[in-house]
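The chain contents come next:
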Amino acid sequence: MTSAKPATSEQTNNNNPHQTMKDLVALCKRRGFIFGASDIYDGLNGFWDYGPLGIQLKKNIADKWWFDMVECPPIGPDGEVLSIVGLDSSIIQNPKTWEASGHLAGFSDPMVDCRETKKRYRADHVEVLIPTDPDAGNWIAFMEGLENEELEKRIKKLRKGHGSLDEYTRKDLPSIDLNDYERIIAPDVTIPGTLTPPKDFNLMFKTFIGATATEHDDNTAYLRPETAQGIFLNFKNVVDSSRVQVPFGIAQIGKAFRNEVTPRNYIFRSREFEQMELEWFCHEDDAQKWFDFWVEERGKWWSSIGIRNANIRKRPHDDDELAHYAKNGAGCIDLEFKFPFTDPDFGELEGVAHRSNYDLTKHEKHSGKKISYQDPQTNEWFLPHVIEPAAGLTRGVLAVLANAFTYDSNRPSGHFMDFHYDIAPVQIAVLPLHSKGEQVEMSQKIYHQLRSQYRTQIDIKQNIGKRYARQDEIGTPICITIDPDSLSDNQVTVRHRNNMDQDRVSLDSFKEYLRNTFDNHS
Ligand code: GAP
C-alpha cells in the first residue's frame, strides 16, 4: 500500500501569479465554487455567490474554526483548556452601537473623485509616478497593483511614445501635497488636474427600520461592518447566563458588510463577506501574554487546514495603520497570505488586535448600564481587556483556493486543487468504469457504505479520464474506481490525487485503508 505524497516540485502554484489568478477564477466558475452575484443581470460590484462546491468549502472551513474554538478549544499557555462559548448576534443592532464603537465617526476610507470621468478611487489605493526630471511632464496616477508592463504602456501613451518607468519615482497619493494635485493625471484620463482632494466616506451600509420609515426619519440603522460589536453588546448577558470566568472567549461567525470604495481582487475585498471572530476577555495584566498566545495559535490553525508556511507571514501594524480601537492597546499583528495578486508580497488574512477595554468602556458609557466584571476570587471589579483574532472567512476561502491551486503538466486538466483532506468539498469519488450494470450496482453499494463518514460523490457519466480530470479540478483527494475485475476479485483501485498513485485494495480492508489514509493527512 502506498500513501499519497504532497505536491511535488514539478507541481507548483507559482508560475505567473497573474495567470494563476485568471485560471483560478475560471476554474471556480466552471466547477461551481464562486459566481458573480446577479450574474444574469451583469453582476453587482463587490458581491459574490458561493456555488455548490464553494459553500461546502466555506462551511468546512467555518466548521473547523468553530470546532477548534468552541467545541474543542485550544489548551492555553498555562496548560488549561480555554473557556470559549459561541454566539450568533443580529446583523442589525441599535444604531447607538455604532456611535459608541466609533464606527459612525471613524470607520471611513479617504476617497478621491475624478471630475472628468466621475470615477471614485480609494486614495490609499492610488499611487503616483513622479518624474525625477522636473521638466519631464505631468505626474501619472495609477491603481496600486498595476503591472510594470502596463505602466510602461501608460507612460508611452501619455508622452506620445517617450519615457520609461525608470525615469520616475513612486509615491502614495495620500502622501502628496494638495497643491500638487493639479499636476496629476488621474488613473483613467489623459489630462492633469481632475482629481478632487480626499474626502472621508463612511463604509457602513444604511437601512431604514419599519414599514413607513423613510430616509428622513430617525429610523436609520446600519448593517454591521464587523461581527465583533454583537459580542461586546452581549458580554454581560453571557457572563450572567453562562459559567464563564475571565479569562474566557466569545466566538462568532457571520456576515459583515462594508460599502468598500473599491471592492476588488475577486472575493478578497467584497462589500458583503463573512468573518470568524473571537473576542478573548482577560485581565489587563495578562493581555500581552494572551496576545502572543493568540498570534501563535492562529498561525498554527491556518497551517492545520493546509496553508503552506511559505504562503503565510506575520506582520505587526505600523502605528499609523492601527484601527481606532487598537490605539490604546498593545497593537495589532496581521497574519498575511501570499495571494496571487499580491505576490511576491502578502495581503491581510486575519488581524490579531489588542483592543484594550475600549469597546466595553464605550458601551458602558453610551448605554448607561454597568457591564463591568467582578473577579470571584479577588472581588476586583474591572472591564476586561480584549485580544481579538479576527479572521475573514470568505477571504480564507480565497486563501485556501489559491494555496490549493497547483499546476501539473502531467495531467489532462493541467492543474489540480491540493485541498487539505479535512476541508476538501468532496473527499471521495466513486467511479464505475462502465456506466451500466453490475459495476454501477457495486459502486452504489460502496457509496452507501462511505457517504455517512466521508463527503462522497458517485460519478457515472463520461470516460474515466474526464472524470479524474474533474475530480482533480474540484480537489477530491481519493477516487475509487470499480472495473470488470472488481466484480470477481472484490478489489477496487484507489487513486491518490496528488501523485496519481494507484493501489489495488480489497473491499474487505478498504475502510481501514481509507481511515489510515485520512488519518495520515489530518
Ligand atoms: N473586528 C475587527 C475587524 O473587523 P478587520 O481587520 O477590519 O478587523 C477582519 O477585519 C478580517 O475580515 C480581515 O482580516 C479580513 O480577512 C476580513 N475582511 C475585512 N474586510 C473585508 C472585505 N471587504 N472583504 C472580505 N473580507 C474582509
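Before reading on, note that the structure itself is shown above.
Residues numbered from 1 in each chain as written. Predicted model: local features only at pLDDT ≥ 70, side-chain atom pairs only at ≥ 80, totals over all residues. Heavy atoms only, no water.

(A) Region of interest: the overall build of the protein. Helix and strand counts for the protein come out as 14 helices and 27 strands. Projected onto the principal axes, the alpha-carbon positions of the protein cover approximately 85 × 75 × 50 Å. Buried residues in the protein amount to 52% of all 522 residues. Taking as baseline every contact in the protein between residues at least 6 positions apart, the subset at least 24 positions apart corresponds to 66%. As presented, the protein carries roughly 24,600 Å² of accessible surface, and 47% of it is formed by carbon and sulfur atoms. Across the protein, the centroid of the 62 positively charged side chains sits 5 Å from that of the 79 negatively charged ones. (Helix = DSSP H or I, 4+ residues; strand = E, 2+ residues; numbered from the N terminus. Buried < 20%, exposed > 50% of the residue type's maximum accessible area, 1.4 Å probe, protein only. Contact = heavy atoms within 4.5 Å. Areas by Shrake-Rupley, 256 points an atom, 1.4 Å probe, with all protein chains shown as cover. Lys, Arg positive; Asp, Glu negative; His and termini not counted. Charge placed at Lys NZ, Arg CZ, Asp CG, Glu CD.)

(B) Structural context of the site of the ligand. Among the 20 residues in the neighbourhood of the ligand, the closest are listed as Glu226, Glu260, Ser270, Glu277 and Glu348. Contact distances for the ligand include 3.2 Å between a nitrogen atom and a backbone N or O atom of phenylalanine 268. Contact with the protein chains removes 91% of the 550 Å² of surface that the ligand exposes when unbound. Sorting the residues of the shell around the ligand by element identifies strand S14 (272–282), strand S17 (347–356) and strand S20 (385–392) as the ones contributing at least two each. (Near = heavy atom within 4 Å. Polar contact = N/O pair within 3.5 Å; in protein donor to acceptor, adjacent residues only side chain to side chain.)

(C) Focus on the side chain of glutamate 127. Inspection of the secondary structure puts glutamate 127 in strand S6 (residues 126–131). Each residue touching glutamate 127, except ones within four places of it in the same chain, is listed here: Ile140, Ala141, Phe142, Glu144, Gly145, Arg170, Lys171, Asp172 and Leu173.

(D) View of the sheet that holds strand S8 (residues 168–172). The strand order across the open sheet formed by four strands is S8-S6-S7-S9, and the pairing between neighbours is mixed. Strands at the two margins of the open sheet, each flanked by one partner only, are S8 and strand S9 (184–185). Direction of pairing for strand S7 (residues 139–143) relative to S9: parallel, over a ladder of two bridges. From the neighbouring strand, tryptophan 139 faces S9, where its bridge partner is isoleucine 184. Along the sheet, helix H5 (residues 148–158) contacts S6, S7, S8 and S9; its crossing angle with S7, the most-contacted strand, is approximately 145 degrees. (Pairing = 2+ DSSP bridges. Axes fitted to C-alpha atoms, helices over the stretch in contact; angles between N-to-C directions.)

(E) Examining the packing of helix H1 (residues 17–30) against helix H10 (residues 393–404) more closely. It is at 11 Å that the axes of H1 and H10 come closest, and there the two elements cross at 110 degrees. Taken together, the axis directions place H1 and H10 in an arrangement best described as roughly perpendicular. For the crossing formed where H1 meets H10, the hand is right-handed. Across from Met21, Leu24 and Cys28 in H1, the residues of H10 making contact are Leu398, Leu401 and Ala402. Class assignment of the residues belonging to the contact of H1 with H10 gives a composition of six nonpolar, no polar and no charged. (Parallel < 35°, antiparallel > 145°, perpendicular 65-115°, else oblique. Left-handed = near helix turned anticlockwise from the far one by under 90°. Nonpolar A, V, L, I, M, F, W, Y, C, P; charged D, E, K, R; others polar.)

(F) Here's a closer look at the environment of lysine 58. Along the polypeptide, lysine 58 turns up in helix H2 (residues 52–71). Assessed through its relative accessible area of 8%, lysine 58 is described here as buried. Taking the C-alpha atoms as reference points, lysine 58 and lysine 338, separated by 280 residues in sequence, lie 19 Å from one another. Contacts of lysine 58, omitting those with residues within four sequence positions, involve Tyr50, Glu274, Leu393, Thr394 and Val397.

(G) Inspection of the pattern of salt bridges at higher detail. Going through the model one piece at a time under the given rule, you end up with 38 salt bridges. Note that lysine 314 is salt-bridged to glutamate 296, the shortest N-O span being 3.1 Å. Remark: glutamate 296 occurs in helix H8 (residues 287–304) and lysine 314 occurs in strand S15 (residues 312–316); sequence separation between them is 18 residues. Classification of lysine 314 as partly exposed rests on a relative accessible area of 42%. The salt bridge partner of aspartate 345 is arginine 313, with a shortest N-O separation of 3.3 Å. Pair noted here: aspartate 345 is in the loop between strand S16 (331–337) and S17 and arginine 313 is in strand S15, with a separation of 32 residues, a long-range link. Aspartate 345 gets classed as partly exposed once you look at its relative accessible area, which sits at 42%. (Salt bridge = Lys/Arg side-chain N within 4 Å of Asp/Glu carboxyl O.)

(H) Up close: the nonpolar core. The biggest cluster of nonpolar side chains holds 60 residues, and the ones touching the most others in it are Phe33, Ile61, Trp294, Trp302 and Leu401. Discounting chain neighbours no more than four positions away, the residues touching tryptophan 294 are Met69, Pro74, Leu82, Ile84, Leu278, Trp280, Val352, Ile387 and Pro389. (Core = buried A, V, L, I, M, F, W, Y, C linked by side-chain atoms within 4.5 Å.)

(I) Seen up close, a negative patch on the surface. On the surface, Glu284, Asp285, Asp286 and Glu380 cluster together to form a negatively charged patch. The residue aspartate 286 is located in the loop between S14 and H8 in this model. The class for aspartate 286 is partly exposed, based on a relative accessible area of 31%. (Patch = residues over 30% accessible without salt bridge, like charges linked within 9 Å, V, L, I, M, F, W, Y side chains within 5 Å.)

(J) Layout of the packing of aromatic side chains. According to the stated counting rule, one finds 20 aromatic pairs in the structure shown. Between phenylalanine 232 and phenylalanine 281 the ring centres are 6.2 Å apart and the planes differ by 85 degrees, which places this aromatic pair in the edge-to-face class. Taken together, the positions of phenylalanine 232 in helix H6 (residues 228–233) and phenylalanine 281 in strand S14 put the pair 49 residues apart, joining distant regions of the chain. On the basis of relative accessibility, which here comes to 0%, the residue phenylalanine 281 falls in the buried class. For the pair tryptophan 290 and phenylalanine 293, a centre-to-centre distance of 5.6 Å together with 85 degrees between the ring planes defines the contact as edge-to-face. Of the two residues, tryptophan 290 and phenylalanine 293 both sit in helix H8, three residues apart, roughly one turn of that helix. Following the ring pairs from residue to residue traces out a cluster consisting of Phe232, Phe235, Phe248 and Phe281. (Phe/Tyr/Trp six-rings, centres within 6.5 Å; stacked < 30°, edge-to-face > 60°.)

(K) Up close: the pairing of strand S26 (residues 491–496). Across the six residues that make up S26, a large majority, five, are buried. Bridge count between strand S25 (residues 478–482) and S26: four bridges; the pairing is antiparallel. Counterpart to cysteine 479 in the pairing with S26 is arginine 495.

Read these as spatial facts, not as claims about activity.
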